[in-house]
Amino acid sequence: TKKTPPGAGSRYWLAHSYEARHAAGQEPENIDKEFLRLWYRERCDPYKDAEIPAAPDDLVCELSRRYVLLYELITGERFDFEAASAASASDRPGAVAACLAGL
């Protein structure tokens, strides 16, 4: 993976396709939350709006999938879903873990 410089935000791109996509003028393949930020930008202004809509479960699941992949690429270890589920007290992480169980 490639990461943006410090202070530039958290953008993670897949190193294996980065150079070719950049050379072709294409956006690099990413594993970050940019898609979720864009979803919010289309629906609200989190800096001005009093109420922010909840992200749909499918977007939360996709974000979780991306961060699990990022964790595994960086650490070289498999993500421990059982330990992560045990550490969480809310219902949403359980639902996200269930949708990610097929990874």
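Refer to the preceding data block for the structure.
I will try to describe carefully the structure that is included in this document.

Analysis parameters
- Residues numbered from 1 in each chain as written.
- Predicted model: local features only at pLDDT ≥ 70, side-chain atom pairs only at ≥ 80, totals over all residues.
- Heavy atoms only, no water.
- Salt bridge = Lys/Arg side-chain N within 4 Å of Asp/Glu carboxyl O.
- Helix = DSSP H or I, 4+ residues; strand = E, 2+ residues; numbered from the N terminus.
- Buried < 20%, exposed > 50% of the residue type's maximum accessible area, 1.4 Å probe, protein only.
- Polar contact = N/O pair within 3.5 Å; in protein donor to acceptor, adjacent residues only side chain to side chain.
- Contact = heavy atoms within 4.5 Å.

The next thing to look at is the pattern of salt bridges. This structure, assessed with the given rule, holds five salt bridges. In this structure, the salt-bridge partner of R65 is E62, at a minimum N-O distance of 2.7 Å. Of this pair, R65 and E62 both sit in helix α3 (residues 57–75), three residues apart, roughly one helical turn. For E62, a relative accessible area of 21% translates into the label partly exposed. Of the charged contacts, one joins E62 and R66 as a salt bridge, the two residues approaching to 2.8 Å between their closest N and O atoms. Taken as a pair, E62 and R66 lie in helix α3 at a separation of four residues, close to a single helical turn. Salt bridges sharing partners connect three or more residues here, namely E62, R65 and R66.

Judged by its relative accessible area of 14%, R66 is buried. At 2.8 Å, the side chain of R66 and the side chain of E62 are in polar contact. Non-local contacts of R66, meaning those with residues more than four positions away in its chain, are made with N30, I31, D32 and F35.

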